[in-house]
Structure formats: C-alpha cells, structure tokens
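The chain contents come next:
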Amino acid sequence: MADQNGDLSITVDGRPVPAKPGEFVIAAADRAGIYIPHFCWHPRMSSVGMCRQCLVEVDGPRGPSLVVSCMTTVADGQVVHTESPTVKKAQEGVLEFLLANHPLDCPVCDKGGECPLQDQAFSHGPGESRFVEEKRHYAKPIPVSSLVLLDRERCILCDRCTRFAEEVAGDPLIQFTHRGSELQVLTFPDEPFSSYFSGNTVQICPVGALTATPYRFKARPWDLDESESTCTTCAVGCRMAVQSSRNQLVRYQGVDADGVNWGWLCDKGRFGFEAVNSPDRISAPLVRQGDELIETTWSAALTAAAGAIKEALADRGSDSVAVLGGARGTNEDAYAWAKLAKAVIGTDHVDAQLADGLDPSVLFGLPRATIDETCASKTIVLFGPDLKEELPVLYLRIRDAAERRQTRLVEISPTATGLTRHTYASLRYRPGEQGALISALLAEGPVPGLDDATVAPVRAQLRSGGSITVVVGRASLADRSEPLNVAVGALARLDGVRFLPVARRGNVHGALDMGMAPGLLPGRRSLTDAGDALRERWASVPTEAGLDATGILRAAADGAVACLVLLGSDPLADFPDRDLARRALVGAGTVVAVDTHHNASNAHADVILAAAAYGEKAGTTTNVEGRVSRVSQKVTARGLARADWIIAAELAVRLGADLGLESLDAIRDEIVAVAPSHSGITAAALDAQPDGVVASGPAALAFVAPEAPADPPKVDAYALRLVVSRVLYDAGVALSKAPDLAPLAPGTRLHLNGIDHDRLGITPGATVRVSSARTNIMLAAERDDSVPRGSAWIAFNQPDAAIAELIDLSSAVTDVRVETL
Amino acid sequence: MARLTEAHVALAREVIGRFPRPKSALITLLHIAQEQDGYITDDAMAHLAELLDITPAEVLGTCSFYEMFKLEPVGRYCVNVCTNISCQLSGGWELLEHAEKSLGIKAGSTTDDGLFTLEDVECIAACTEAPCLQVNYRYRYKVTAADFDRLVADLRAGRLNNEVPPHGVLARVRQHVRPERWAGTGAEAQSKVDAR
Amino acid sequence: MTDAPLIVTGRFGQSDAHTLAGYQSTGGYEVLQRALTTMTPEQVSAEVKTSELLGRGGAGFPTGTKWGFCPPGVFPRYLVINGDESEPGTYKDRMLMELDPHQLIEGTMLTAYAVGVAQAFIYVRGEMALAQERLATALNEAYEAGFIGRNVCGTDFSTDITLTWGAGAYIVGEETALIESLEGNRGMPRLKPPYFPAAKGLYMQPTVVNNVETIANLPWIVANGGAAFKAIGAPTSTGMRMFAVSGHVNRPGVYEVPNGTTTFRDLFEKSEYCGGILGGRAVKAFIPGGASAPWFYPEHLDLPLDKPTVDKAGSMLGSGAIVVMDETTDVVKATWRVVRFFARESCGKCTPCREGTNWLEKILKRIIDGHGRPGDLDLLMDLSDNISPGIAWPPRQTTICPLGPSAVSPIASAISHFRDEFEHYIVHGTPGVPEASRG
Ligand SMILES: Cc1cc2nc3c(=O)[nH]c(=O)nc-3n(C[C@H](O)[C@H](O)[C@H](O)COP(=O)(O)O)c2cc1C
Ligand code: SF4
Ligand code: FES
C-alpha cells in the first residue's frame, strides 16, 4: 500500500522494498542494497536500456515476464525476481554477448581490479568462451582529447560517456557512430572531446575503454588508498574521493553528494593533484639573502617572519601590517589566521578577496539560497560570472534545472555565457550600467537601450510570483563593484527573493565566514558585534574596519605597509590592476609569503613559509552555499611544509602570544563556540552528514542598498568598454603547475562583436593594438558575437599576456581603443 | 568544393524551413552534400553543423548510421547487387560473381578508373524481379550476365547519362512549395511548445 | 472472388496515373474535396474504424483504433507515412509511390484531416530514387492545385506534407526509429513503453505512423464507405491486400487479392497469380510475411491469408512478403542469408541483438563454408534463446525492438525442420540437398 508520503512498496526476491512513484525498479532495488547487474544505467542520467544486463522478472497477470529493470517503473505491490533461473540465464546470456568481442586484456587495463565487467564475468560468466570467431579489431587507444583516451575494443557501448556529454555536460562532442556490430564511440576528426567535464566519462565508464592521461598506468586499484574529501579548486565544493598510492596523490573520483555535485567533477578539479605533485612546490621555508631565497629551518624562518611583524608593530603600529589572501586554506587555517591578525597582531587590514569578489554585506546581509533551493526555484536570475568558467559544477546543476525541470533562467550579463543557450531571456549590459539597467527593469516604464518586446517577458517572469533566486557575483574584473551593489539593492526588493552569492576562489566563502575580511569577525559578524564567547578567547578585537585588498595594495604602494603577508595569494597574477600590485610589492616593507608553489608575487618575498597543499592536511572547507564539509589528509606534506594554521600558531608564539589552538579539534570547537553561524557544525554533525552542513546564521551584517553612483562615462565612439573575466583554464597554480592541464589555457585574444570587428577594419586573426588609459598591448582579434556591440572581452590571467596591465581600478570602468597595425 | 556552395546553402535553408525543428533536415542536407561532392566530406559535415547549430560530432553520428552516406570517395556509379533471400533463390550470387569478374573487382571496392563501385546489398524491394540490382539507385530487373555487361558498356560509353546521374544525385525533382501555398502550421505549433 | 475491385492498384495499368491530370481523370481528389466540405474529421475517422482496415506495415494493427490513441486535447499532432519498405521480400509500397503517388497524397490528406495533424511527413526509403521523384513531382502539383498546404480545397483546413527520405537503414522502418530519423538522429528505436508514438512521438508529440499501403486505401474507403471495404475479404482481415510473392514460383509478382479468404495455395498455383511452383517442383518451405516471420511448410498451404489464422499457426503475414522455397533449396544457406541481413541491419543498441545476431551469422557462415563444429547447432539454439528467451512466437522480446528476436525465426524454423541438412554440412562440409546450386 502506498503510505501517506505517497511511497510505494514492491517485493524484490521476497523482500519488501520501499519505492518512490515513477522511479525505476533498479533504482528502488539499488537503494535497498539489492544489486541488479547493469552497465548502462546510471542514477544521475536518463535510462536508455541499452546493455540489457539488468533483466529481471516481474510478475504479471500472465505470469512472470522478463523486463529491463532500468526502464520498468515501479508499481505498488509489484513482485520482482532477480535470481530466478530465467533471470540468471538471461543475464548470463547478455554477459556472454558483452564478452564475446571484448579483448579481455585485464592485466594491462587501468580498470582491472575495479571493473564491473570483470567482476561480473568472474561471478556469473561461463568459464570457457564459446566464441571461437575472430574478434572485432580497432586501433588501440586513440586520444579523444588531450586528457582522455578511448579504446574501442574494450568499449561495451553502454552510452554512458555519450549520454553524459550530451545530457549532463551539454557538450555532444563524442557520439555513437556507425551501427550494428560496428557501433562505436568517436569524436569528429580534428574536433576533440574538449569538455570541461570530460574526466567524468572516465569515471563512469563501466570498463576500461576510457582512461585518463594523468592517471594512466599510475597505479593499480588494489594499491590505492582512499579518503572522502571536498574539492577546493573552486567554491562549488564538490565531494570527491582522494586516492593515493605510495604516499602520492594519483586520482580523484567524484562522490555523489545530493545537495552539491551529484558525483560530477570538472577536469580542473579532477586532475588538480598534478599541481600538488609538481616539482615547483615550495618544500622548505626560505629567507632572502640578497637577491636569493635560501632554504632554511622553520625556526629561522619563523623568527625572521615574526621579527618583521614585531618590528613593524614597534616602529609603525598594527596598522602597518596587512594580510592578503587566505582563501586557499581550510576553515581552520582561516580561523587561525584571522585570530592571529586581528587578535594578536591587532590589524584589520585583512582580505581574502582580491577586488574580484563581493561586498561582505551582499554575502551575509541578504537571504541566501542553497544550490538545491536555487535549482528548485521557478526563476533563477543569473547576474554574475559565467558559471561554466568559474563554478563549473554549479553550471551543471543550473543547466539541469533549466533543461529538465520547470526552472526559467533570466540572465543579465555583459556577454553571453555558457548558460545563455538555456535561458528564457538573456539581457546584455555594458559594465558600469548594470545598476541603472536593473533598477529600470524592476521599475515601470521604458528601459534605456531595450525594446518593450524584450523587456515585457522578463518583467512578467520576475513578477510571476513563485520562488526567485538571484545568482550574484562579479561578471567582470575590469570595473568596480558599486553598480553591482545598486543592482542587488533593486533585486532585493523582489518578493521573496533569495540570493546565491558566488565568489570563485576555493575556500573564499569559508575565509570570509572566519573573518578574513576588513570589518568582519568569525561568524559573519561585524567588529562591533563580537559576542562574549569571542571576547573571552580573543585578546583584543579591532575597533575600526581595515582596508580591503585594493586599499592594502594602495597603502603598500604608498609605503604605509611595513609588513605584508601574502597568505597563499599572488596579486601579480590574480589582482585585476597589475600596476598597483607591482607597486605594492615594491613599496611594502617586508613581504612574508605563506605558499605552496613558487609564483611571481612570492618571488618578491623576504620570507617564504612552506605551506602544506590540498590532500596534505585535514580540516573543513565552505562552499558557495556556506556548506561546511571535511577535507582529508591523504599524503604527508611535501618536504617540510606545514598547514597554515600551524604556521599561524607558531608565529603567535614567536610574537609572545598563544592562539590557544593546539589541534584541529580545538579550532573546530572554538569556531563552534564563537561563530553563531557555525554553532551546529560540530565534529559529530560533520560525521553524521559527510556531504556537509550548511552554515546559517544571524544576518548580523545588514545589506544597505547604496545610492546609485554617478553614471559611468559613456563609451566614446572610438572606444569599447572592456569586459575581463576568468576562464576555467588560466595561469593559476592549479593549471600552470599541472602538466596535463597547463596546455589547455586558451591564451589571450581580443573578442569583438562581428559588427565592431568589421567596423574597425580588422582582418580576421590579425594582431591589433589595445590601449587603455594605462598602457597598450598587442593581441590577436577574434570575431565573437557572444560579445555585444560596443564591448570587448578578454580572458583574465592567461599565460601569454598580462591583461591586468590594462586595468586601472581607480576608474569605475575600463575603456579601450583598438587599432589595426 | 567541400563546404556547400551558395546555391546549396540556399537550398539547405529552404529544406530546414520545411521542418518544425531544424535538425530534422539533417539527413536531407547530407544528401545535398553527397550530391555536391559524390561523398560526404569532413568539411561538409562541419558546414552542416554550423547551419543547424549542432556539433560536427552529432552530424557524424547521424551520417555514419546510414549505409548510403559514403565517408570515402566511391565510383561514379555504385552498382548494388541484391543477394538477399529472394534474389539468392533466383541467382543473385551468380549475378554478383559475374559482376566481380566482369568489373575485375571484389564487392565492396571500386574500379581503378573510379567509375564503378560494386556492392553486395540487402533487399532493395524488387523481390519479384530477382535477380536485380541498382546503379546509383536506379533499378535493373531480372538481370542476366549479358544484361549486366551491356549495362556496364552503356554506362562507360555515356549512353545512360540521362537516366543515371553520377553517384550522389538521388531524386532530380525536389519538393518546392511557394511560400503562399505553405501552411507553416507545424513549425508554428511546435515553436509554441518549445518555448516552454 | 476475382471480381473484387482493385482498391489500391486499380490505376497501375494507367500510364499517366502518376500525374495530377491522370489521377484526376479517374476522379482523383474528389473524395478529399467532399470530405473537407461535407464531413467532419470524426466522420472520416468513423469510416476508417468501420472498415476495420488493418495496418499493412507489418504489425497489422487496426488503423482506426490506432488513431484513437492520440491523447485528446494534446497538440500539435503529426502524421508520418512510412515508406521505408526494406523487409526482405517486401515489394508493394514502392509501387504505390511510383505508380500512383497522388492516391497516397490524397490518403495522407484525409488522414491529416481526420486526426487533426499540424503537419504530415512522407518518409521514403533512401534507395528509391524514382519514388522520390514521382512523389516530389506529385506534391508540387498538388500544392499548386490547392490540395495541400494553406486552405486545402479552398476550405479553412490547412496542413503541410513534407517529403523526406532515408539513407539506407532497414531499422528506420520501425516506427520509433523512423521518428528518430525524422528528428535528424541515428535511427535507433525508442523503448515502448513509454515512447508509444501516439502519445510521445515526433518531438515527443502525439504522432500517427502508418504504412504507405494502409494510407493508400483511404480514398477508396472514404469514397465508398467503411462498410463496403469491410464487405470485401474475411471479417477478420478486411478489404483487399497486396502480396509480393517471390522465389521459386513461375510468375513472381505483386498481387492485390481479397484479404483473409485467398489461400497461400491459391496465390502460388492459380493462373491469375503465380501459376505454380518453378519446374513443377514441390514446396519445401515458405516465408509467409517477410524475413522476420517463422517459416511455413507444405502443411500450411491451405491456410487463408487471414491475420488471426496465420498468427495462430505460429507465424505472421507481416508486410505481405511471401518467399517460396522449393525442394531444391539449400535451407542452411537460406537461413544464413536471412540472418546476415539482421546482423547487418541491427542498429546496435541492444547487446543481444548487436552481438548475438553477428555471432549467429558468423557461426552459420562457418557452417556453410565447411567449418562447422559438432556443438554448433546447440550453440545456435542456445544463443537464439539468449536473444529471444524461450524462442517463443510471438517473441517475448527482451530487446527494445523486434529486430533482434526476428533473426532467431529462420534459425529456429530451419533447425527444427531440416536439422539433418545442417548436420550434413557440419559432417561433410557440403550442402545436404542434391541440387543446391540454385539457393
Ligand atoms: C524492424 C522493423 C522494421 C519495420 N519496417 C517497416 C517498413 O519498412 N515499413 C512499414 O510500413 N512498417 C515497418 N515496420 C512497422 C512499423 O513499425 C509500424 O508498425 C508501421 O509503419 C505502422 O503502420 P501500419 O499500422 O499502417 O501498418 C517495421 C517494424 C519493425 C519492427
Ligand atoms: S533489437 Fe536490435 S535493432 Fe532493435 S533496438 Fe535493439 S539493437 Fe536495435
Ligand atoms: S542497465 Fe538496464 S539495460 Fe543497461
């Protein structure tokens, strides 16, 4: 009988099994722990019934009949047999067919030892092959992309990779071709499977037909040691299993977290272990001797770093110390550093964002939505970065909501994005004008620059009632954030609206939760709202809000920062205004870097403290939703490297203080005690909910909609408004230190609307001069109609060009002139 | 000559307009490409992908499913001899053997002069006229060895140029509807559903 | 019964029947005009229902009933005319398209009106260049004459017919594969349920798929009334029906005969039909309804061409394709050739069909090449059982479409009746029939 939740009950092999209306027999059985052999069925993709391995018998009026359990819907009282002689015969028959042409090269196959086909052949299959004919032959592994190899002889044609590419990723670049016994999976010649999500196909391939270049022949499954963890490459926080072999990270596999990633990972996250294993790691502390950074002992390095801080404090006061970064570590790292900076050193010049993020009041002062809540909304307003580029798995979730649910997407962006083709309406603005555009859109009357036919459906959708979630974030780094805040002010007045504020960097949301921003304390509170529990444990609390990243760099450039700590940050590569970053590194007194890899910024450091990287330390991390989940240590830290929190604690000691944070557990307990938003996120809660617990808490920071700033300057007829945004593959360490990923960075080109391109008389592919008020650089131009007329788009932080040289953050927007040579 | 010519692009757009959803035109468009080049080139597939806003891999997926689309060049004349059951019972294999000998090639290959490709095909729906064959999809019924040799000689001599166009050209009459006569009800109704 | 009217082949003797003028000279398009102006769509449907016209594409489903499966109120609906004719032995739809295209177009428009479709598609087999030309010409003429498109016959009924064709794939004749193909995809069947075309067909909209011959009957039925149609033939198989008889008969041909009453023997022996078995030899076996059908033997000769009767005898009339094999036939080679067809034409979606049919074909080829092994017959039967559990008829079908199980029909038929011929091959490496050269 269907119970009051509408759940049904079926009987599988005599056992009652609860089932949800509309689901397939195999899914209900799977949940109840009854394994029905299968190859093509995957719980996160539509059923195709291709392999026919999942045959079972279902009782009917005319006796039992054989059906595929992956496409047979449950019915209340249904009786299913998975072990009857008829079922066994049918299943063994299918397995024999699958093995007939399979090469059985298990000993040299990456999948050997964890292969469902191999396992089932052992447990069910007949011993000797009755297939005496010549097997099918294909050229052995062919690369379908630079990351994925395909062995068509091993392929059992389950449609998982092709279905994933089309249905989940929206990149139908691998397809079935030919038919019958020549059926095979292929890419188009010269058009590789260059999907950001290609690695998932390797993971879901039920045999060893798809293998990943970075893992190939690295380890055998029985040598692997595994822990569940959370990816911190970006702020989606996908759950994954980190696998090592002989104390080296060798593979990450997606884990199905219902609220987050559904088992998927992007390739940057999946293959991120290559960067951890890079020879460019900083494996010991370093101190400067003249022009050189020399390896030294921890004691000497910490003494040097503490000495620099002490000297700054003594000579120029706590205002002369600043900490930039903190988004790369764990929550525990961030808490320890926040406490070190704010309670021990006494500075509030701390910022984990690099002028590319959101005002803390936008993050914490507005009603927030989780990913699930966002995807269940009737309307999602996309008012932020290209999610496919910045938060790839969030893109998958929202794409799924738009394609497979009733959700409508309304996009308001400076250029088309990966989601544009899935939107109900997509509007363009010119940076600087978004505040005015959205304010006008949400008021009555005409919207400048848009006709009524465009505006009417958008207005109707926004006012149609039902849930609305705004995904808000920075769409471009070449302009300042005030207009965004004006727009958010207008959007916040929509009935029942919620926000999913997105910042990209790994644990930036956790760092901000822990107080790594000017004016903030752990638990999303302002300096004036410390609370007794925090005051008990913090020797002091800053009284005045400090400088943000831009302010810190300006102060450093002006010589006002005696000691600048780069906590895993690389402003030369990552800060939008490169000239400012350069002047700051030169102008700062002493530069102390805490980092995992050598980079352009820490080359300026006087002291480098070697930090443990991902997989080398445990703790927790926080994703865009504020979801806290564990990260695991799987290997020992490289060389002498240490976790950031340990470095903070050691520095405190040398500064004559005691953070009182002896262990990760102690930090976690202290966070629970002092941060009201995290009061429920105890170790026990995290053990019970490995997919994470969403922090929620008093909206102690109120969002106050700013006054509309003065209209940005109009772009003059000869100029284009610049849009600069991140693409997934850039020159950051996760990419540049990963040998298989680094070549994927697309490089820098100037993207122009076809009309502008032709108006400027550019010959296709020609190099042009791009000049801003700052400087000029030479770039190849590309016609790209995803860029609206009057704007120009350039990818940020590519290995071949420093586009940040063009950006001057002291002006509201960046306009460029383009000249042919 | 591998992307579609301008005239063919115009034709392709007309064909696309006859379906409620553009991708439905793909097979017809592939026939147009094959008519242009005699087989399906990679460039043509890439061009069709552009015209339909799909990936070239999707075009390849569809294209390679269908026997008639040739991914490699074939002869000017594709001679398809049926050997399926009705023809087998009435001398289909003997006809194929004769064809192999007469053309000097095995079924599945092309003569050196690029004129003939010979294939052993499945039933072509002329079972009562067995043994039968098609040359560029034009029928020949109850074919004897002598008939076959005469056919080859006529084709070589160009005596059948009017009746048998080069491989790739299928119907020489196309559907063409003046816009005033076209109802457009399918596309209109479907676009309402698709707008979600 | 030879005085029965020729319903769909009546104009085959008329040399200009394929032109609009020729068609109209025999009253063509008058029924359409009359239906649009004097009948409601429901009335047209009712005539078809009364006629009890069974589909001629293979499954023999009542056409009127099928139309009724479109969920009420769900629009747009589509109509697809299946002219993919590829089942070995089948030859009739091509004739109807080449010789009388306007009859098909008029039938299509009547159906479109009755079902209320937004657009109709005629999908012709790719290899049929002449049929494509004739239909294109006929459609162009009919559009210009106002019989298709905007305001048909001056009424406010409007609908289009799009002509399209395949590119060589038997499986595309299966209706859900046909729909996939019409969407521009690989012609791989969809699973039924849930993808019954009437509910979720083209673009997931309600779609009626009918065979060419089925629809060619419409003008006559609407003109003469469903009851008149039902009065012809047997009560369980109404009207006239086209049968293509090929193989070992004196006059192979396509004959339109009263449905359900004519017997196989009539067809094979009567002088107005095939005029006897070749060389006066005896029938060894015959395929009653296309390559997918289990074989019949001399004891079945007197069965009428009646759907329930043939079904009950363990086979089917299928697509009206009858292939006669006389006593000289090498049935092992015949079996191999039919199985090779299915192996080549499997779409490849289902493992048992993709791998199984190819394996069967390889074993059979090995046997006729003289390399049979002692266990081969048991292996053939066991693999057949794994493709079509129980080797039942009709198949229990554990694959997505019936193609896979179809490959099993000839094997099961031939091994059960002519096991000794297979064994002869396996032991001696040569055919077990004296005069095997023919087959
Ligand atoms: C493998 C397979 C091939 C088929 N081929 C054809 C075909 O070539 N022509 C056809 O009309 N029906 C064919 N059918 C039957 C169609 O699926 C469908 O039943 C038919 O077109 C419906 O039309 P009707 O009801 O008018 O017979 C085939 C079915 C199967 C399973
Ligand atoms: S039974 Fe064969 S032809 Fe039919 S869907 Fe399955 S694989 Fe394709
Ligand atoms: S899992 Fe059901 S058919 Fe593959």
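Conventions adopted
- Residues numbered from 1 in each chain as written.
- Chains lettered and ligands numbered in written order.
- Predicted model: local features only at pLDDT ≥ 70, side-chain atom pairs only at ≥ 80, totals over all residues.
- Heavy atoms only, no water.
- Helix = DSSP H or I, 4+ residues; strand = E, 2+ residues; numbered from the N terminus.
- Buried < 20%, exposed > 50% of the residue type's maximum accessible area, 1.4 Å probe, protein only.
- Near = heavy atom within 4 Å.
- Nonpolar A, V, L, I, M, F, W, Y, C, P; charged D, E, K, R; others polar.
- Contact = heavy atoms within 4.5 Å.
- Polar contact = N/O pair within 3.5 Å; in protein donor to acceptor, adjacent residues only side chain to side chain.
- Areas by Shrake-Rupley, 256 points an atom, 1.4 Å probe, with all protein chains shown as cover.
- Core = buried A, V, L, I, M, F, W, Y, C linked by side-chain atoms within 4.5 Å.
- Arc of directions from axis to C-beta.
- Buried area = accessible area lost by both parts, 1.4 Å probe.
- Salt bridge = Lys/Arg side-chain N within 4 Å of Asp/Glu carboxyl O.
- Phe/Tyr/Trp six-rings, centres within 6.5 Å; stacked < 30°, edge-to-face > 60°.
- Lys NZ or Arg CZ within 6 Å of the ring centre and 35° of its normal.
- pLDDT = per-residue confidence, 0-100.

1. Some remarks on the overall build of chain B
Thought 1: Per the secondary structure count, chain B includes eight helices and five strands.
Thought 2: The order of helices and strands in chain B, counted from the N terminus, is α-α-α-α-β-α-α-β-β-β-β-α-α.
Thought 3: For the C-alpha atoms alone, the extent of chain B along its principal axes is close to 60 × 35 × 30 Å.
Thought 4: Sorting the 196 residues of chain B into buried and exposed places 62% on the buried side.

2. Things to note about the site of ligand 2
Thought 1: Around ligand 2 there are 13 residues in total, and Cys347, Lys349, Cys350, Cys353 and Cys401 of chain C lie nearest to it.
Thought 2: Looking at the shell around ligand 2, its residues break down into eight nonpolar, four polar and one charged.

3. A short note on the environment of Glu421 of chain C
All names here are of chain C.
Thought 1: With respect to the helices and strands, Glu421 occurs in helix H18 (residues 408–428).
Thought 2: On the basis of relative accessibility, which here comes to 7%, the residue Glu421 falls in the buried class.
Thought 3: Counting along the chain gives 213 residues from Glu421 to Val208, while the straight-line C-alpha distance between them is 45 Å.
Thought 4: If near-sequence neighbours (up to four positions away) are discounted, Glu421 is found in contact with Lys284, Thr329, Asp330, Val331, Val332 and Val433.

4. So, the site of ligand 1
All names here are of chain C.
Thought 1: Close contacts around ligand 1 come from 17 residues, with Gly57, Lys66, Asn210, Asn211 and Thr214 the closest.
Thought 2: Between Gly57 and ligand 1, the recorded distance is 2.6 Å, taken from a backbone N or O atom to an oxygen atom.
Thought 3: At a separation of 2.9 Å, an oxygen atom of ligand 1 approaches a polar side-chain atom of Asn210.
Thought 4: Expressed as a share of its isolated accessible area of 610 Å², the protein-covered part of ligand 1 is 90%.
Thought 5: If you tally residues by element for the shell around ligand 1, the top one is strand E4 (residues 207–211), at three residues.
Thought 6: Looking at the shell around ligand 1 residue by residue, the classes come out as three nonpolar, eight polar and six charged.

5. Section: the nonpolar core
Residue and element names in this part refer to chain A.
Thought 1: Judged by nonpolar contacts, the single largest core of 312 residues is most densely connected at Leu387 and Ile398.
Thought 2: With near-sequence residues (within four places) excluded, Leu387 lies in contact with Leu382, Pro392, Leu394, Tyr395, Ile398, Leu419, Val471 and Val502.
Thought 3: Ile282, Ala305, Leu572 and Ala804 belong to the second-largest nonpolar core, a separate cluster that totals 147 residues.

6. Regarding helix H1 (residues 6–16) of chain B
The periodicity of an α-helix, 3.6 residues per turn, causes residues three or four places apart in sequence to face the same way.
Residues and elements named next belong to chain B.
Thought 1: Along H1, the residues that are buried comprise His8, Val9, Leu11, Ala12, Val15 and Ile16. Down the axis of H1, the smallest arc covering the buried residues is 160 degrees, so these residues share one side. Exposed and facing more than 90 degrees away from the buried side of H1 are Glu6, Ala7 and Arg13.
Thought 2: At its buried positions, H1 is contacted by helix H2 (26–37) and helix H3 (42–52).

7. Some words on the environment of Leu722 of chain A
Thought 1: Relative to the helices and strands, Leu722 of chain A is located in strand E31 (residues 719–725).
Thought 2: When near neighbours in sequence (up to four residues on either side) are disregarded, Leu722 of chain A contacts Pro431, Ser476, Ala478, Ala792, Ile794, Leu806, Thr814, Asp815 and Val816 of chain A.

8. Focus: helix H19 (residues 549–557) of chain A
All names here are of chain A.
Thought 1: Among the nine residues in H19, seven count as buried, and that is most of the element.
Thought 2: The complete set of buried residues in H19 reads Ala549, Thr550, Gly551, Ile552, Leu553, Ala555 and Ala556.
Thought 3: Summarising the contacts, the buried residues of H19 are in contact with strand E16 (321–325), strand E17 (350–351), strand E25 (563–567), helix H20 (571–574) and helix H21 (578–587).
Thought 4: Looking one or two residues beyond H19, the residue adopting positive phi is Gly559, at roughly 85 degrees.

9. Quick notes on the interface of chain C and chain A
One widely used convention gives an interface's size as the accessible area the parts lose upon coming together.
Thought 1: The partner chain A presents 33 residues to the 34 residues of chain C that form the contact.
Thought 2: Between chain C and chain A, a total of about 2900 Å² is buried, with carbon and sulfur atoms accounting for 55% of that surface.
Thought 3: Considering only the side of chain C, the residues that lose the most area to chain A are Arg186, Glu355 and Trp359 of chain C, jointly responsible for 22% of the buried surface there.
Thought 4: For the pair chain C and chain A, the interface holds six salt bridges.
Thought 5: Between Arg130 of chain A and Asp382 of chain C there is a salt bridge, with the nearest N and O atoms lying 2.7 Å from each other.
Thought 6: Linking chain C with chain A are 17 residue pairs in polar contact (both at pLDDT 80 or more).
Thought 7: With 10 residues, helix H15 (residues 351–368) of chain C is the largest single contributor of residues to the side of chain C that touches chain A.

10. Regarding the packing of aromatic side chains
Thought 1: Here the structure, examined in full by the defined rule, presents 33 aromatic pairs over all chains.
Thought 2: The interplanar angle of 20 degrees and the centroid separation of 6.1 Å between the aromatic rings of Trp182 of chain B and Tyr143 of chain C together place this pair among those described as stacked. On the criterion of chain membership, the pair formed by Trp182 of chain B in the loop between helix H7 (145–157) and helix H8 (185–194) and Tyr143 of chain C in helix H7 (residues 129–144) is interchain, its members lying in two chains.
Thought 3: A residue is classified by how much of its surface remains accessible, and Tyr143 of chain C, at 0% relative accessible area, is buried.
Thought 4: Aromatic side chains Tyr255 of chain C and Tyr273 of chain C sit 5.5 Å apart centroid to centroid with 65 degrees between the ring planes, which places their arrangement in the edge-to-face category. Residue Tyr255 of chain C is located in strand E8 (residues 253–258), and its partner Tyr273 of chain C is located in the loop between helix H12 (264–269) and strand E9 (283–287); the two are separated by 18 residues in the primary sequence. In this structure, Tyr255 of chain C and Tyr273 of chain C share a single accessibility class: buried.
Thought 5: A network of ring pairs unites the aromatic residues Phe19 of chain B together with Tyr78, Phe121 and Tyr203 of chain C as a single cluster.
Thought 6: The ring of Tyr424 of chain A carries Arg408 of chain A above its face, with NZ or CZ at 4.2 Å from the centroid.

11. Some thoughts on the side chain of Thr201 of chain A
Thought 1: Residue position: Thr201 of chain A is located in helix H5 (residues 198–204).
Thought 2: If sequence neighbours within four positions are ignored, Thr201 of chain A has contacts with Cys161, Phe164, Ile174, Phe193 and Leu210 of chain A.

12. Things to note about the pattern of salt bridges
Close approach of charged atoms allows side chains with opposite charge to pair.
Thought 1: Under the counting rule described, the total for this entry stands at 105 salt bridges over all chains.
Thought 2: A salt bridge links Glu180 of chain C to Arg190 of chain C; the shortest N-O distance between them is 2.6 Å. With Glu180 of chain C in helix H8 (residues 175–182) and Arg190 of chain C in the loop between H8 and E4, the pair connects residues that are 10 residues apart, well separated along the chain.
Thought 3: Here Arg190 of chain C falls in the buried class, since its relative accessible area comes to 6%.
Thought 4: A salt bridge links Lys270 of chain C to Asp266 of chain C; the nearest nitrogen and oxygen atoms lie 3.9 Å apart.
Thought 5: Overall, Lys270 of chain C belongs to the partly exposed group, its relative accessible area being 38%.
Thought 6: Ionic contacts of the salt-bridge type, sharing partners, join the residues Asp577, Arg578, Asp579, Arg582, Arg583, Arg774, Glu805 and Asp808 of chain A into one network.

13. What about the confidence of the model for chain C?
Thought 1: Within chain C, residue pLDDT values average 96, and 98% of them lie at 70 or more.
Thought 2: Reported confidences for the modelled complex are a pTM of 0.96 and an ipTM of 0.96.

14. Examining the interface of chain B and chain C
Thought 1: Each partner contributes residues to the interface: chain B has 63 residues there, and chain C has 82 residues.
Thought 2: Inspection of the chain B/chain C interface yields eight salt bridges.
Thought 3: Across the salt bridge formed by Glu122 of chain B and Arg344 of chain C, the nearest N and O atoms sit 3.8 Å from each other.
Thought 4: Inspection of the region where chain B meets chain C yields 45 residue pairs in polar contact (both at pLDDT 80 or more).
Thought 5: Among the elements of the structure, H2, helix H4 (56–65), helix H5 (85–89), helix H6 (92–103), strand E3 (116–121), strand E5 (138–140) and H8 of chain B are those that each provide at least two residues to the side of chain B that touches chain C.

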